[in-house]
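One letter stands for each residue in the lines below.
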Number of protein chains: 2
Amino acid sequence: MSDFAKTKKLFHMPDGVIYLDGNSLGPLPLAARARVVDMMAAEWGNQLIKGWNSAGWMLQPRRIGDRIARLIGAAEGTVVMGDTLSIKVHQALASALELNPERRVVLSDNGNFPSDLYIAQGLLKSLDKGYTLKVVEPEAVEAAIDESVAVMMLTEVDYRTGRLHDMKALTEKAHAAGALTVWDLAHSAGAIPVDLAGAKADFAVGCTYKYLNGGPGAPAFIYVAPEHQDAARPALSGWLGHEAPFAFDLDYRPGAGIDRMRVGTPPIIALAALDAALDAWNGIDMADIRRASIGLTDLFIAEIEKRCPELSLNSPRDGARRGSQVSFRHREGYAIMQALIARGLIGDFRAPDSIRFGFTPLYIGEAEVRAAVGIIEDVVNNRLWDAPDYRKKALVT
Amino acid sequence: MSDFAKTKKLFHMPDGVIYLDGNSLGPLPLAARARVVDMMAAEWGNQLIKGWNSAGWMLQPRRIGDRIARLIGAAEGTVVMGDTLSIKVHQALASALELNPERRVVLSDNGNFPSDLYIAQGLLKSLDKGYTLKVVEPEAVEAAIDESVAVMMLTEVDYRTGRLHDMKALTEKAHAAGALTVWDLAHSAGAIPVDLAGAKADFAVGCTYKYLNGGPGAPAFIYVAPEHQDAARPALSGWLGHEAPFAFDLDYRPGAGIDRMRVGTPPIIALAALDAALDAWNGIDMADIRRASIGLTDLFIAEIEKRCPELSLNSPRDGARRGSQVSFRHREGYAIMQALIARGLIGDFRAPDSIRFGFTPLYIGEAEVRAAVGIIEDVVNNRLWDAPDYRKKALVT
């Protein structure tokens, strides 16, 4: 049995479902359910308030951060959990801007997840100091790095196309121009090998409900490079980022290292689920995940292009230039995705016209890919999507 | 069987424990454990990404917000869940300051929870516009309200002493002086009747892991008065506060009403626990809770003062002027609390010298209060706290 056949057994997958949407919400790890039940009964139920000490709750954000650090090429003590990805973007960008106080441009691209851009817009408006958010095409980022840029804020893997930025090269160019970097790893962590330390990234953020399978709305993470940790002022200066939270001083003094990026009380039930979910990564080498992922996505692209001429590839064809997801375009993409879901193949739709599929080797293999291709071929070539029900827009797409 | 004897059965309480710390972390509601198990298996496990629509996940922050609104005198559509209390303080204060742009003073008191002050300090420093955070004694707040004050930011119930501010009178005075108000209900929601609408509060925030029993690190809430909802600019402008989150536009446009205070992806597992925990409040009138709470705290104060002359009351003696908690001071408060906990009576310690007890009529009655008094009398009068083990400081106190 291959390692991935072993890890597949760690997840619950409903009968009749081919799940190519783990890039949006990972499936339920069986261990997460068991751990949460235990946490609620044995820890919250029986230890009550004492759980903050006796069950180690207060240390969870750092301990779990260290587990994620291993998957993203970060040293111990550089990652901490909490809040949501949007909040972490705010923290990282606010701190980075203060570390580069003479400049007034934040550089990003239109393949960045909109929430990151929204958070930047809100922050820059609050700061009211003449900042500009410069949003260019992903391919134009490199040329747009100049000495006006305070912070380059990018998502490594484009949420629509899977297009992969060269983190190391862009960071090097940004640094050469005197800019700092904030990298969003939402579609990277658990999807591809990431080497934050090797790339000399300054700040990074990410979520844990996609490839890391932490559950809907699982806590986010923030990375601060060791050289910035004692200089970065936390804009969201909550008590758990204080040097001595339980002294209840009236004045804020940032804690040492990454701890200052903690804000409020950590979400212990959610962290228990995430902690157990991360067990699936024990002993896994991200290089093996990457090899399997490229094999699956190459196969998927080749088969779809051979069998479904109406679909046009909306992802890089070169496996080295994409993350672990593949998109195809079709003017009826929304209806097509609804028809696929009705037949047990779950992916998702991204406006205006992309159907998107995520490939997660922990629990998806060649058999699932081939079965998925068969369903897509049937739905697209036989126009099975052409039914009123499949055009009804849901709240969440 | 009284209503409270009925609600007591809704909670798990370990044998041999008298729990007077529900003001810090409420005990496990049995329904919360069952609901979370069901949410993980039937919703996350079987519905996967579809749960955002089919299980109603995306609507939870508003739906649960409406349930809490009833307990704090707020109209439907004025409360939304998410993040932590510290984040909500940031949101409320940032929006309030922008609504009063000509002024430069934030008024608070030294009985406010330190995290609220820390968040204010961080925000004012980020804004860098000459703001002052003026922190006075709780008794001096009223006299300090003048026409320099942009926002008065207070916690209604003092976390140390239980001293209760007069929300309605202070808000009225603040409004007369042209100031806006941010009320922190951390020790109010579920503890005492709150009438946000009647008091004409502008913004309010609170947590749900204390009297509302949502579990460690349960999501926070924010209230925005109807008249401010369309004018309040969200400083933390995340995608779920956008007018059309799934259009993935590049520019932020705030959503209608309270929805704009949503930020990132909601924490669905934690919200499931909270939702079930709130079932204990079905049919409960906060006036009945208040009557029971004053009865229990009056009894506790009278008995302790009669039997333990070494302890000095650190809470208002008049029940109408305190929340649902009582503190006593003793120079050896820390060791005393450890000795009480070792004997099954759980309260907590707050620096420098307070032992603090919370009274939660949903599951605490006269029998528990009388038993608690007996343990305290034994520990204090017989110096049972005088052992090295009881002086060891834990990480979390």
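Residues numbered from 1 in each chain as written. Chains lettered and ligands numbered in written order. Predicted model: local features only at pLDDT ≥ 70, side-chain atom pairs only at ≥ 80, totals over all residues. Heavy atoms only, no water.

Attention now goes to the UniProt feature "binding site: pyridoxal 5'-phosphate" (unreviewed entry) in chain A. Residue and element names in this part refer to chain A. Mapped onto this numbering, the UniProt entry annotates "binding site: pyridoxal 5'-phosphate" (unreviewed entry) at Leu85, Ser86, Phe113, Pro114, Ser115, Asp116, Thr155, Asp184, His187, Tyr209, Trp239 and Thr265. With the annotated positions falling across 181 residues, the maximum pairwise C-alpha distance of 30.2 Å shows that they are not confined to a single cluster. Considered against the largest cavity, the annotated residues that line it turn out to be Thr265. On the basis of relative accessible area, His187 is assigned to the buried category, the value being 3%. (UniProt positions renumbered as here; feature names shortened; annotations may be inferred. 1 Å grid on protein atoms, 1.4 Å probe; cavity = no way out; pocket = protein on both sides within 12 Å on 5 of 7 lines; lining within 4 Å. Buried < 20%, exposed > 50% of the residue type's maximum accessible area, 1.4 Å probe, protein only.)

Residue and element names in this part refer to chain A. The feature "modified residue: N6-(pyridoxal phosphate)lysine" (unreviewed entry), as annotated in UniProt, sits at Lys210 in this numbering. Mapped onto the elements of the fold, Lys210 is located in the loop between β7 (203-206) and β8 (220-224). In this view, Lys210 contacts Gly22, Asn23, Ser24, Leu25, Gly26, Ala186 and His187; residues no more than four positions away in its chain are not counted. (Helix = DSSP H or I, 4+ residues; strand = E, 2+ residues; numbered from the N terminus. Contact = heavy atoms within 4.5 Å.)

What follows is about the domain arrangement of chain A. Residue and element names in this part refer to chain A. When the domains of chain A are assigned, the result is domain 1 (31-281) and domain 2 (285-391). One C-alpha centre belongs to domain 1, the other to domain 2; they are set 29 Å apart. With 18 residues of domain 1 at the interface, the matching set in domain 2 holds 20 residues. Summing both sides of the interface, domain 1 and domain 2 together bury roughly 1,600 Å²; the carbon and sulfur share of this comes to 61%. Counting every contact that joins domain 1 to domain 2 gives zero salt bridges. Here the residues of the side of domain 1 that touches domain 2 are counted per class, giving ten nonpolar, five polar and three charged. (Domains from an automatic or database assignment. Buried area = accessible area lost by both parts, 1.4 Å probe. Salt bridge = Lys/Arg side-chain N within 4 Å of Asp/Glu carboxyl O. Nonpolar A, V, L, I, M, F, W, Y, C, P; charged D, E, K, R; others polar.)

Another aspect to go through is the sheet that holds strand β10 (residues 325-329) of chain B. Residues and elements named next belong to chain B. Strand order across the open sheet formed by four strands is β9-β10-β13-β12, with antiparallel pairing between neighbours. Strands at the two margins of the open sheet, each flanked by one partner only, are β9 (312-313) and β12 (348-350). Along the sheet face, helix α11 (residues 286-307) touches β9, β10 and β13 (354-358) and points at about 15° away from the line of β10. (Pairing = 2+ DSSP bridges. Axes fitted to C-alpha atoms, helices over the stretch in contact; angles between N-to-C directions.)

Moving on: empty space enclosed by the protein. With the rule as written, the count across this model stands at six cavities of 30 Å³ or more. The volume enclosed by the largest cavity comes to roughly 220 Å³. What lines the largest cavity is a set of 22 residues, among which Asp83 and Thr84 of chain A together with Gly82, Asp83 and Pro267 of chain B lie closest to the centre. Here the lining of the largest cavity is composed, by residue class, of eleven nonpolar, eight polar and three charged. (Points joined across faces, edges and corners; volume = space filled by probe spheres on them.)

Now for the pattern of salt bridges. All names here are of chain B. A complete count under the given rule lists 58 salt bridges over all chains for this structure. For Glu366, the salt bridge is made with Arg370, and the minimal N-O distance between the two is 2.9 Å. Taken as a pair, Glu366 and Arg370 lie in helix α13 (residues 366-381) at a separation of four residues, close to a single helical turn. Among the residues examined, Arg370 registers a relative accessible area of 41% and is labelled partly exposed.

Our next topic: the pairing of strand β3 (residues 105-109) of chain A. Residues and elements named next belong to chain A. Among the five residues in β3, five count as buried, and that is most of the element. Of the two faces of β3, both are covered, the one formed by Val105, Leu107 and Asp109 as well as the one formed by Val106 and Ser108. Taken together, the five bridges between β3 and strand β4 (residues 132-136) define a ladder with parallel strand orientation. When the bridges of β4 are listed, Leu107 appears paired with Lys134. Where β3 lies against strand β5 (residues 149-155), three bridges are found, and the strand directions are parallel. Bridge pairing links Val106 to Val151 in β5.

Turning next to helix α11 (residues 286-307) of chain A. Residues and elements named next belong to chain A. Its 22 residues place the ends of α11 31 Å apart at the C-alpha level, agreeing with the 32 Å of an ideal helix rising 1.5 Å per residue. By the burial criterion, the buried members of α11 are Met286, Ile289, Arg290, Ser293, Leu296, Thr297, Leu299, Phe300, Ile301, Glu303 and Ile304. Of the residues that open α11, the one with a side-chain oxygen 2.8 Å from the backbone nitrogen of Ala287 is Asp285. (Expected span 1.5 Å × (residues − 1). Polar contact = N/O pair within 3.5 Å; in protein donor to acceptor, adjacent residues only side chain to side chain.)

So, on to the relation of the copies chain A and chain B. One chain copy maps onto the other through a rotation about an axis and a shift parallel to that axis. It takes a turn of 180° to lay chain A on chain B, together with a shift of 0.0 Å along the axis; the resulting RMSD is 0.0 Å. Between the two chains, the operation in question is that of a two-fold axis. Most of the interface of chain A is mirrored in chain B: 100% of its interface residues are interface residues there too. (Least-squares fit on C-alpha atoms with pLDDT ≥ 70 in both.)

Attention now goes to the sheet that holds β4 of chain A. Residue and element names in this part refer to chain A. Taken together, seven strands build an open sheet; the order of strands is β2-β8-β7-β6-β5-β3-β4 and the sheet is mixed. Two strands close off the open sheet at either side, each with one partner strand: β2 (79-82) and β4. The average undirected angle you get between the axes of adjacent strands in this sheet is 20°. Relative to β8, β7 is paired through four bridges, and the arrangement is antiparallel. Bridge pairing in β8 links Gly206 to Phe221. The sheet contacts of helix α4 (residues 60-71) involve β2 and β8, and relative to β2 the element is tilted by about 120°.

In this structure, the largest pocket encloses a volume near 750 Å³. Ile49 and Trp52 of chain A together with Arg350, Val396 and Thr397 of chain B are the residues nearest the centre of the largest pocket, which is lined by 48 residues in total. Secondary-structure elements contributing two or more residues to the lining of the largest pocket are α3 (51-54) of chain A together with α5 (85-98), α6 (114-127), α12 (333-342) and β12 of chain B. Sorting elements by how many residues they give to the lining of the largest pocket places α12 of chain B first, with five residues. Its residues assigned to classes, the lining of the largest pocket comprises 23 nonpolar, 14 polar and eleven charged. Of the volumes computed, that of the second largest pocket is approximately 610 Å³.

Moving on, we come to the interface of chain A and chain B. Contacts between chain A and chain B engage 88 residues on the former and 88 residues on the latter. Carbon and sulfur atoms make up 69% of the area that chain A and chain B hide from each other, which totals about 7,400 Å². Counting the surface chain A buries against chain B, the share from its top three residues, Trp44, Tyr118 and Phe248 of chain A, is 11%. Remark: the boundary between chain A and chain B carries two salt bridges.

The subject of this paragraph is the side chain of Ser86 of chain A. Summarising the element assignment, Ser86 of chain A is placed in helix α5 (residues 85-98). Reaching out from Ser86 of chain A, the side chain makes a polar contact with the side chain of Ser115 of chain A at a distance of 2.7 Å. Contacts of Ser86 of chain A, omitting those with residues within four sequence positions, involve Ser115 and Ile119 of chain A together with Gly238, Trp239, Val263 and Gly264 of chain B.

Our next topic: the packing of α11 of chain A against helix α13 (residues 366-381) of chain A. For any two helices packed against each other, the geometry comes down to the angle between their axes and how far apart the axes lie. All names here are of chain A. As a packed pair, α11 and α13 sit with axes 10 Å apart at the nearest point and diverge in direction by 25°. As judged from the angle between their axes, α11 and α13 are roughly parallel. For the crossing formed where α11 meets α13, the hand is right-handed. Along its contact with α11, which presents Leu296, Leu299, Phe300, Glu303, Ile304 and Arg307, the element α13 presents Glu366, Val369, Arg370, Val373, Gly374, Ile376, Glu377 and Asn381. (Parallel < 35°, antiparallel > 145°, perpendicular 65-115°, else oblique. Left-handed = near helix turned anticlockwise from the far one by under 90°.)

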